[in-house]
Amino acid sequence: MSERAVLAGGCFWGMEDLIRRLPGVEKTRVGYTGGDVANATYRNHGTHAEGIEILFDPSKISYRQILEFFFQIHDPTTPNRQGNDIGMSYRSAIYYVDEAQKAVALDTIADVDASGLWPGKVVTEVEPVGDFWQAEPEHQDYLLRHPNGYTCHYPRPGWVLPKRAAAE
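Remember, it's a predicted structure, so these values are computed and weren't measured experimentally. (Residues numbered from 1 in each chain as written. Predicted model: local features only at pLDDT ≥ 70, side-chain atom pairs only at ≥ 80, totals over all residues. Heavy atoms only, no water.)

## Looking at helix H3 (residues 99-115)
Note the threshold: Strands here are runs of E lasting at least two residues and helices are runs of H or I lasting at least four, both read from the DSSP assignment and numbered beginning at the N terminus. Given a helix with a known number of residues, its expected span is that number minus one, times 1.5 Å. For every residue, the accessible area obtained with a 1.4 Å probe (protein chains only) is divided by the maximum for its type, and the residue is called buried under 20%, exposed over 50%, and partly exposed between those limits. This arc describes the spread of directions from the helix axis toward the C-beta atoms. The contact rule is simple, with two residues in contact once any of their heavy atoms fall within 4.5 Å.
For H3, spanning 17 residues, the distance from its first C-alpha to its last is 24 Å, which sits close to the expected 24 Å at 1.5 Å a residue. Burial in H3 covers these residues: Gln101, Ala105, Thr108, Ile109 and Val112. Seen along its axis, H3 keeps its buried residues to an arc of 100 degrees; they face one direction. Facing away from the buried side of H3, by more than 90 degrees, are the exposed residues Glu99, Ala100 and Ala114. In the core, the buried residues of H3 are packed alongside strand S1 (3-9), helix H2 (63-73), strand S6 (92-96) and strand S7 (125-128). The first or second residue beyond H3 is glycine 116, which carries a positive phi of 70 degrees.

Have a look at this one:
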């Protein structure tokens with residue numbers, strides 16, 4: 001049975017393009033989440049972040065593995081900013097669907113901070129999931145349709161947490 005993850009880490013196009021490729025990710029869609037406007041749109045999304053909804057098979061990829069990749073492809077140490085994108089729409093956030101996801105999120109953030117591999121302390125918000133307003137069709141699968149389109153997301157080889165011991 002699929003599980004759901006909702007993340008925000010800057011422009012949703014780049015996150016979707018990289019996360020959709022992970023083994024075990026079944027479906028992605030981009031949209032607006034974590035804010036104050038009902039029926040959010042690109043032109044009117046209030047305090048929502050650009051986010052991604054991920055449906056994944058937990059027998060093939062864990063929530064922790066998704067979060068570790070999330071922290072590798074965006075800079076979680078820059079408040080309200082990713083690359084040239086500045087503003088609340090581009091904040092880093094994890095929207096957990098249950099207490100187990102919240103615990104994994106907080107644990108992963110603690111490990112990222114303790115690793116010393118990132119350029120500063122994590123500013124990623126951890127909040128309960130709320131409404132997710134699907135973005136317009138032109139934003140879905142954007143980088144598949146525009147392979148040379150803008151993105152500020154890429155895997156950073158130096159930002160990889162050490163493998164955890166089997167006893168953990």
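## Concerning the packing of aromatic side chains
Going by this rule: Only Phe, Tyr and Trp rings are paired, with Trp represented by its six-membered ring, and only when their centres lie within 6.5 Å; those with planes under 30 degrees apart are stacked, over 60 edge-to-face, the remainder tilted. Note on geometry: a ring has a charge over it if NZ (lysine) or CZ (arginine) is within 6 Å of the ring centre and within 35 degrees of the ring normal.
Using the criterion set out here, one finds 5 aromatic pairs in the structure. One Lys or Arg, arginine 156, reaches over the ring of tyrosine 154 and ends 4.1 Å from the middle of that ring.

## Overview of the nonpolar core
Operational definition: Grouping buried Ala, Val, Leu, Ile, Met, Phe, Trp, Tyr and Cys residues that are joined through side-chain atoms within 4.5 Å yields what is termed a nonpolar core.
Formed by 28 residues in total, the largest nonpolar core has its most connected members in Leu7, Ile19, Ile54, Phe71 and Ile94. Among the elements of the structure, S1, helix H1 (12-19), strand S3 (49-56), H2, S6 and H3 are those that each provide at least two residues to this core. With near-sequence residues (within four places) excluded, leucine 7 lies in contact with Met15, Ile19, Gly51, Ile52, Ile54, Ile66, Leu67, Phe70, Ala93 and Ile94. Formed by 9 residues, the second largest nonpolar core is a distinct cluster that contains Cys11, Ala40, Ala135 and Leu143.

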